[in-house]
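Working through the structure, step by step
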Amino acid sequence: MSENRTLMMQGNVAVAEGAIDAGCRFFAGYPITPSSEIAEHLSRRLPEMGGKFLQMEDEIGAMGAVIGGSLGGVKSLTATSGPGFSLKQENIGYASIAEVPVVIINVMRGGPSTGLPTLPSQGDVMQARWGTHGDHPIIVLTPAGVRETYDMTIRAFNMSEKYRVPVVILLDEIIGHVYEKVTLPPPHTIETIERKKPDEPLEKFRAYRADESMIPPMPAFGDGYRFHVTGLVHDETGFPTNNTQKIEEMLLRINGKLDHYRDEIVEVEEHIEEGSQIGLVTYGSSARSSRNAMRMAKEQGIPVSMLRLKTIWPFATEEILAFAKKHKYLIVPELNLGQVKHEVEHAAACHSEIFGVNKISGDPIPPTDIFNKIKELS
Amino acid sequence: MDYFKYLRMDKFPHIWCPGCGDGIVLKAILRSVEEMGWSKDAVAMVSGIGCSSRTPGYVDFNTLHTTHGRALAFATGLKMTRPKLNVIVVTGDGDATAIGGNHLIHAARRNINLTVLVYNNNIYGMTGGQASPTTFTGDFATTAPYGALENPFDIANLVVAAGASYVARSTVYHANFLGKLIMQAMQKQGFSLVEVMAPCPTAYGKINKKGTPSQMITDQKKLAVRVEKAKNMTAEELQGKIVIGKLVDREMPEFVNNYERVIAQAQRR
């Protein structure tokens, strides 16, 4: 990219450039609409940066390859959409249990199955959290614009490296394909985080022994530590165990990491309008419709507030509860049949009445749909 | 030679049944590593799921026990980001040719510099003896109580056709010969695979009445035909035989080296 960092950029390209600026130097993927521009862009850009691009034979292999790439000590990325995201789930679980930092982009399209390859959806919110089997840690982010997609990709790598968890970014077809004018920060101003490396000698090293940070240091294969990595439940040595106490210790630690760091992981954007009785809880492309609906309401003299989820998992339960306490009604607009609405109901704990504005036709949510709901409630 | 320096002795006893061929393959791998002069830090061993795929747990290398069928995918990513590591993949017939079949043919097509050992016992041993893609037609398995209907894969020739640089086959009876082939596979720059016929007396032998473990291994001697001799034999004469030796050994551009050239080209622009 040229020195001038102000340009028209597509959301998918923002992922690719964000990844490069985050220090990602390995990508493996498989072509799938509407995410393919990420792979296409990186196939050209990564070798320019001394990195490597690999088109794998399938989605499962691509997920495996990025885990292998990350174990080699290089920040690694894969990108896909609904059907491919389904296929990747087993190995996403592997990254969770083996604590291998990886970033996974899912540019959501309509589902289920082959669904609507070229049309937007937000139908994978629950799959992003619970798609792989077993209790496992995972972080999921939902950007609502091109610049934010760039920033969130850097943040995703930073969190993945710091906490040793897979981080998913849920774009939707709208955010992936929209072009917006962006000014990217100068590369030297970008804060990047690298995984913590061990400093103890090989004899003392235990690959999965964590201090109070709950996160074990992670050498790369070839660094001289000769450790074992497995998808089986393991003890602090990294080798499989059937000792029930050790099993529980290990699983509580990997799941507990996200509780421990919850406050620095969960990010929301709150916009409070004085005297509002109605609040919108929104995320991703639906936030764009929501902003318009807020504006329309304001013009009619109806104050409406908004809470936008930038981190969708772990869920912003505390923030939503506080927001619910301030509002009589909450509206959750989304391109699915209410996946986040159910979570909001749970978090709001009956402090407000919750309504959904839902769309699964492949159309974006018309701001008027949200506005009509606002008028109905005001 | 001193095998012990390569083993994680605290992980023994191993999980393999008495009479299993897998330990013989492990020893042959270690002899080859010793002869290659590779330091333990410079070797990564990657596996999938199954009996053979437990091998990495016992060796003092950088070891990666992945998901079922995906060893080659993980190994490909690792080799891409750490080209200097000598990456050995250990897998079985079910892991490599059923659930992982796609990765097998594509890793061979890509001709990435990995050394692959397929321990072929013609059955799913770890899960209790179900039919695999290499179970012989008519043989019994817990999921083939009336005899297997399907045709078995010829793993080595499948990989030859897919474009590997080096492909060979041996049995565990021919342990020294096996070591020699593994050594050649390790020396080769490109995708190299050695298929090893490793009998499973517990899951395969018992249900198919193949006799004692030692008999299963000595039977391999009777069935084996050197590839040079097999060239002059008819298909009928080769029926039920095991062709051993080097099937292909060819010079072809290797994937990671090729990619380094792509980087140089991209950076010149």
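What you are looking at is a predicted structure, and each value in this text was computed from that prediction instead of being measured. Throughout this description, residue numbers start from 1 for each chain and increase along the sequence as written. Naming scheme: in the order in which they are written, chains are lettered from A and ligands are numbered from 1. At least 70 in pLDDT is required for a residue's local features to be given in this predicted model, at least 80 for side-chain atom pairs to be given and counted, and no such filter applies to totals for whole chains, interfaces and linings, which use all residues. To obtain the side-chain values, all non-hydrogen atoms of the structure were used and water was disregarded.

1. Section: the overall build of chain A
- Numbering goes from the N terminus for both helices and strands, where a helix is a DSSP run of H or I of at least four residues and a strand is a run of E of at least two. Counting its secondary structure elements, chain A contains 13 helices and 16 strands.
- The C-alpha radius of gyration computed for chain A amounts to 21 Å, which stays within 12% of the reference 21 Å derived for 378 residues, consistent with globular compactness.
- Dimensions of chain A along its principal axes, counting C-alpha atoms only, are 70 × 50 × 40 Å.
- Burial status follows relative accessibility: with a 1.4 Å probe on protein chains alone, a residue under 20% of its type maximum counts as buried, one over 50% as exposed, and anything between as partly exposed. Put simply, chain A has 378 residues, and 61% of those count as buried.
- Contacts are residue-level and defined by heavy atoms, with any inter-residue pair within 4.5 Å sufficient. The contacts of chain A with a sequence gap of at least 6 include a subset with a gap of at least 24, amounting to 77%.
- Accessible surface is estimated by sampling points in the Shrake-Rupley manner with a 1.4 Å probe; for residues, cover comes only from the protein chains shown. Here chain A has roughly 14,100 Å² of accessible surface; of this, 50% comes from carbon and sulfur atoms.
- Positive: Lys, Arg. Negative: Asp, Glu. His and the chain ends are not part of the count. Where a charge lies is defined by one atom per residue type: Lys uses NZ, Arg uses CZ, Asp uses CG and Glu uses CD. Distance between charge centres in chain A, computed from 38 positive and 49 negative side chains, equals 2 Å. Each radius of gyration reported is based on C-alpha atoms, and the globular scaling rule is 2.2 Å times the count of residues to the power 0.38.

2. Structural notes on the state of the cysteines
All names here are of chain B.
- Throughout, a disulfide means two cysteine sulfur atoms within 2.5 Å of one another. All chains considered together, the criterion is met by zero disulfides over all chains.
- Among the cysteines around Cys-17, which has no disulfide bond, Cys-200 carries the closest sulfur, lying 6.3 Å off.
- Cys-17 sits in the partly exposed class, given a relative accessible area of 35%.

3. With respect to the domain arrangement of chain A
Residue and element names in this part refer to chain A.
- The source of the domain bounds is an automatic or database domain assignment. On domain assignment, one finds that chain A holds domain 1 (5-189), domain 2 (202-263) and domain 3 (269-377).
- Centre-to-centre, using C-alpha coordinates, domain 1 lies 25 Å away from domain 2.
- Contacts between the two partners involve 20 residues from domain 1 and, on the opposite side, 21 residues from domain 2.
- When two parts are put together, the accessible area they lose, computed with a 1.4 Å probe and summed over both, is reported as buried area. Considering only the side of domain 1, the residues that lose the most area to domain 2 are Leu-71, Ile-97 and Arg-164, jointly responsible for 39% of the buried surface there.
- For this analysis, a salt bridge means a side-chain nitrogen from Lys or Arg found within 4 Å of a carboxyl oxygen belonging to Asp or Glu. Counting across the interface, domain 1 meets domain 2 through two salt bridges.
- Think of a polar contact as two N or O atoms within 3.5 Å of one another; within protein, one of them needs to be a possible hydrogen donor and the other a possible acceptor, and neighboring residues in sequence only count if both atoms come from side chains. Our enumeration of links across domain 1 and domain 2 arrives at 10 residue pairs in polar contact (both at pLDDT 80 or more).
- If you list the elements that add at least two residues to the side of domain 1 that touches domain 2, you get α3 (59-71), α4 (82-98) and α6 (146-163).
- Looking at side-chain class alone, the side of domain 1 that touches domain 2 contains 11 nonpolar, five polar and four charged residues. Only Asp, Glu, Lys and Arg are considered charged in this grouping, and only Ala, Val, Leu, Ile, Met, Phe, Trp, Tyr, Cys and Pro are considered nonpolar; every other residue, Gly among them, is considered polar.

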